[in-house]
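An overview of the molecular structure
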Amino acid sequence: MSDLAERLDAAARDGVAIPQIVSAAGLDAADAYTVQEALVARRLARGERLVGIKLGLTSRAKMAQVGVDEVIWGRLTDAMAIADGATVDTSGYIHPRIEPEVAFLLDASGNATAVAPALEIIDSRYADFKFSLADVIADNSSAAAFAIGDWKPLPGGLDNLGVLLEVDGRVVQIGSTAAILGDPRRAVSWGVRLAGKVDPGWVLLAGAATAAVPLAPGVHVRAVVEGLGTVAVRTA
Ligand code: OOG
Ligand code: MG
C-alpha cells in the first residue's frame, strides 16, 4: 500500500492526475484509509503538522456531484491552511474546485468550542475528478487547502443557516447548513468517531453544503454563512 501512497503523493506534488489505482488494486474503504494514513505520513515526514480533520460527502449536493454516497474523512495539515483573505497560487493544482464549509474548533474531548465560515479547495488527484469510494479515501478525500474566517462561540442553532458561495461578487452556489447531515454539529461526532482520536485545538471541516465549483486563477472567492460571517481567498 505504500507504493499507492507514494503515487498519490507524487501526483499531488507534481500536479499531474493519475488513474484510479486504489480501486484497480481491489482495495476496499478500510484498506484505503491505511493508504491515506501512509500518504499523510509522507507529508508529516517532510515537516508538516496535523491541524485537524475534514469530513466529506456529508450533503446530498456533494454526493450527487461526485457519485459517491458515503461520508468520508481526511486529514488536514498546517501546509494546507490559507489565511482568510490571502492569495493562493493555483498553478500547482490539477483541477481545483472550491466549496463553502462550516468549521468547528475542537477541545480535548472532541467537543466543538467555536464555529466559523470556511472555504475548502479540493483537488482530486484522479483524472477527470472521477473516483470510487476507496480511491477518494486514499487520496485524503481530495483535500488540498482551506481557509477559515473568524471564530465565534457556538450559537444556539446552526441547523438552518443560509450559505452563499460568490466568485468575483456573483453568487454561484446557494445552500443551507441543514444540507450537512441535517445539522453541521452532527459532523463533529461523526468526525471524532471516524478519526478515532482528535487533539485540542484541531479544526474540523463539516463538509460542503453545496456542490463545489471549478477554481480559476485571478478570481476572488467568498463564502457567506448566515450569522457566522464571511471568509475569502484570492487566486493567482
Ligand atoms: C471529495 C471530498 C468531499 C466535501 O466537503 O464534501 C468534500 C470530493 O468532492 O472530491 O470535501
Ligand atoms: Mg469539503
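So, here is what we can say about the structure in this document. (Residues numbered from 1 in each chain as written. Chains lettered and ligands numbered in written order. Predicted model: local features only at pLDDT ≥ 70, side-chain atom pairs only at ≥ 80, totals over all residues. Heavy atoms only, no water.)

Turning our attention to the site of ligand 1. Every one of the 17 residues lining ligand 1 counts as a neighbour, but Lys54, Leu57, Lys62, Glu99 and Ser142 are closest to it. One of the side-chain N or O atoms of Ser142 is found 2.7 Å from an oxygen atom in ligand 1. Protein contacts shield 100% of the accessible area of ligand 1, which totals 310 Å² for the unbound molecule. Judged by the fraction of its atoms near the pocket grid, ligand 1 is located in the largest cavity. (Near = heavy atom within 4 Å. Polar contact = N/O pair within 3.5 Å; in protein donor to acceptor, adjacent residues only side chain to side chain. Areas by Shrake-Rupley, 256 points an atom, 1.4 Å probe, with all protein chains shown as cover. 1 Å grid on protein atoms, 1.4 Å probe; cavity = no way out; pocket = protein on both sides within 12 Å on 5 of 7 lines; lining within 4 Å. Sits in = over half its atoms within 2 Å of the grid points.)

Mapped onto the elements of the fold, Thr87 is located in strand 4 (residues 87–88). In this structure, Thr87 is in contact with Arg234, Thr235 and Ala236, ignoring residues within four places of it in sequence. (Helix = DSSP H or I, 4+ residues; strand = E, 2+ residues; numbered from the N terminus. Contact = heavy atoms within 4.5 Å.)

Within the secondary structure layout, Glu70 lies in the loop between helix 4 (60–66) and strand 2 (72–77). Residue classification places Glu70 among the partly exposed residues on the basis of a relative accessible area of 45%. Distance from Glu70 to Ile98, taken between C-alpha atoms, is 20 Å for residues 28 residues apart in sequence. With sequence-adjacent residues up to four places away left out, Glu70 is seen in contact with Gly56, Leu57, Met63 and Leu133. (Buried < 20%, exposed > 50% of the residue type's maximum accessible area, 1.4 Å probe, protein only.)

With that settled, consider helix 6 (residues 185–195). Those residues of helix 6 not exposed but buried are Ala187, Val188, Gly191, Val192 and Ala195. Seen end-on, helix 6 carries its buried residues on one side only, within an arc spanning 130 degrees. In this structure, the buried residues of helix 6 make contact with strand 1 (50–56), strand 2, strand 5 (97–106), strand 6 (112–122) and strand 11 (203–205). Phi turns positive one or two residues past the end of helix 6, at Gly196, with a value near 85 degrees. (Arc of directions from axis to C-beta.)

Any functional reading would require information that these geometric values do not contain.
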